[in-house]
Amino acid sequence: MSSDIAAFHAVLRRAKRILAVCGAGLSASSGLPTFRGAGGLWRNYESTSLATPQAFARDPGLVWLFYSYRRHMALGVSPNDGHLALAKLAASQPGFLCLTQNVDNLHERAGHPEGQLRHLHGSLFDLKCSNARCDWIEHNNQADPLCPALAPASAPVQAGQKLRLLDPAHKLDHIPESELPHCPKCRTGLKRPGVVWFGEQLDHRMLAGVDAWIHDGPVDIVLVVGTSSVVYPAAGYAELARSAGTSVVTVNLDADTSECRQGDFAFAGDAASLLPELLEPVIGKL
Ligand code: BV8
């Protein structure tokens, strides 16, 4: 039965090489909205429409308000037991590698060893230069707000109130580029979020390292956690890593055993509650 936890535990106990591909659903119960679900709207914009170089070129202030709000939200929540379970799996299982599409820093804050975590789409807390010819980058910048012009994204919200910034009826003042942070190296580009936008290439060296890991030996388990699996190349890794004996294990609110192939598993529910139970034979009780 592909939703039988005891059967999965038997596979887990024999597993030497485990890959995880994580998405926004993993951070949902920490309180961060998912990318496409009901929480995927920001003001009246689809999140995906703001996550592009074109959107930033057109209105960097608006895109920065979107990302500043997400930085502020991420800093205001905590890792959940799903993040902790994956971090403990990494600490107990050197053959485990976690690929995350999430740009929050909840894996790191759960203690996930850096060497076993790959941020496929970058991080809200990396800043880089918008000038493609400039290689300036800053890691782990948690300034909140990043600059005075972006303070509305970090405004405290009274209980029961809605942040004015999020109210589509509230007209936003245009933020001139002069009020946005500029690259300290080339001085011509703007600082931009260190995330991978739609239409942008992922980090080639990181991808080469992931491919090398996958081809370094058979992968026993691929955990596909809290992702709609619509964004490529991230969504392609589960099948790329699959070999004859691989079990692909879907953990999702809407996981569906009818889509399972022989040896696969599907567990429907909240990743934050399911992962500690699924990984208990290796990580013990959280
Ligand atoms: C690339 C960072 C080569 C930014 C993100 C046309 C032109 C150019 C490219 C393309 C094109 N057409 C297609 C492409 C490729 C494109 C793509 O895949 N598009 C999709 C939309 C079709 N990919 C790219 O552009 C990539 N680059 O291909 O370069 C290239 C270059 C030029 C031209 C051609 C090719 C770059 C993709 C990276 C985009 N950046 N994020 C930011 O975050 O702002 S992607 C974004 O989506 C987030 O990272 C997010 O993580 C990711 C995937 O979404 P999910 O994480 O899955 O979240 P979602 O809300 O969708 O789903 C949540 C899931 O959780 C649901 O299933 C839900 O049921 C579940 N869930 C909810 N709660 C829980 C839960 N599960 C468990 N427990 C819960 N409690």
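Data block above holds the structure.
Residues numbered from 1 in each chain as written. Predicted model: local features only at pLDDT ≥ 70, side-chain atom pairs only at ≥ 80, totals over all residues. Heavy atoms only, no water.

**Things to note about the pairing of strand β4 (residues 96-100)**
Here's step 1: Of all five residues making up β4, five are buried, and the element is well covered by its neighbours.
Here's step 2: Neither face of β4 is exposed, since Phe96, Cys98 and Thr100 on one face and Leu97 and Leu99 on the opposite face are all buried.
Here's step 3: Judged from the five bridges that link them, strand β1 (residues 18-22) and β4 form a sheet pairing that is parallel. In the strand pairing of β4, Leu19 is matched with Leu97.
Here's step 4: Where β4 lies against strand β5 (residues 117-119), three bridges are found, and the strand directions are parallel. Note on β5: the bridge partner recorded for Leu99 is Arg118. (Buried < 20%, exposed > 50% of the residue type's maximum accessible area, 1.4 Å probe, protein only. Helix = DSSP H or I, 4+ residues; strand = E, 2+ residues; numbered from the N terminus. Pairing = 2+ DSSP bridges.)

**Structural notes on the packing of helix α1 (residues 5-14) against helix α10 (residues 271-283)**
Here's step 1: Contact geometry of α1 with α10 gives a least axis separation of 9 Å together with a crossing angle of 35°. Seen from above, α1 lies across α10 with right-handed handedness. In contact with Ile5, Phe8, His9, Leu12 and Arg13 of α1, α10 contributes Glu277, Leu278, Leu279, Pro281 and Val282.
Here's step 2: Tallied by class, the residues present in the contact of α1 with α10 amount to seven nonpolar, one polar and two charged. (Axes fitted to C-alpha atoms, helices over the stretch in contact; angles between N-to-C directions. Left-handed = near helix turned anticlockwise from the far one by under 90°. Contact = heavy atoms within 4.5 Å. Nonpolar A, V, L, I, M, F, W, Y, C, P; charged D, E, K, R; others polar.)

**Quick look at the pattern of salt bridges**
Here's step 1: One pass over the structure, following the stated rule, counts six salt bridges.
Here's step 2: With its nearest N and O atoms 3.1 Å apart, the salt bridge here joins Glu239 to Arg261. Pair noted here: Glu239 is in helix α9 (residues 237-241) and Arg261 is in the loop between β10 (247-252) and β11 (265-268), with a separation of 22 residues, a long-range link.
Here's step 3: Judged by its relative accessible area of 49%, Arg261 is partly exposed.
Here's step 4: Between Glu280 and Lys285 there is a salt bridge, with the nearest N and O atoms lying 3.3 Å from each other.
Here's step 5: We classify Glu280 as partly exposed; its relative accessible area is 30%.
Here's step 6: Salt bridges sharing common partners tie together Glu239, Arg242, Arg261 and Asp264. (Salt bridge = Lys/Arg side-chain N within 4 Å of Asp/Glu carboxyl O.)

**Describing the site of the ligand**
Here's step 1: Taken together, 35 residues are adjacent to the ligand, and Arg36, Tyr67, Arg70, Thr227 and Ser228 come closest.
Here's step 2: Asn252 is positioned such that a nitrogen or oxygen atom in its side chain is 2.7 Å from an oxygen atom of the ligand.
Here's step 3: Here the ligand, which alone exposes 1400 Å², has 75% of that area covered by the protein.
Here's step 4: Of all elements in the fold, only α2 (25-28) and α5 (60-75) reach the threshold of two or more residues within the shell around the ligand.
Here's step 5: Along the lines of polarity and charge, the residues of the shell around the ligand split into 16 nonpolar, 14 polar and five charged. (Near = heavy atom within 4 Å. Polar contact = N/O pair within 3.5 Å; in protein donor to acceptor, adjacent residues only side chain to side chain. Areas by Shrake-Rupley, 256 points an atom, 1.4 Å probe, with all protein chains shown as cover.)

**Section: the sheet that holds strand β8 (residues 191-195)**
Here's step 1: The three strands lie next to each other as β7-β6-β8, forming an open sheet whose pairing is antiparallel. Edge positions in the sheet fall to β7 (137-138) and β8, since each of these pairs with one other strand and no more.
Here's step 2: Here two bridges tie strand β6 (residues 122-129) to β7, and the two strands are oriented antiparallel to one another. For Leu127, the partnering residue across the bridge sits in β7 and is Glu138.
Here's step 3: Running over the sheet, α5 touches β6 and β8 and is turned about 140° from β6.

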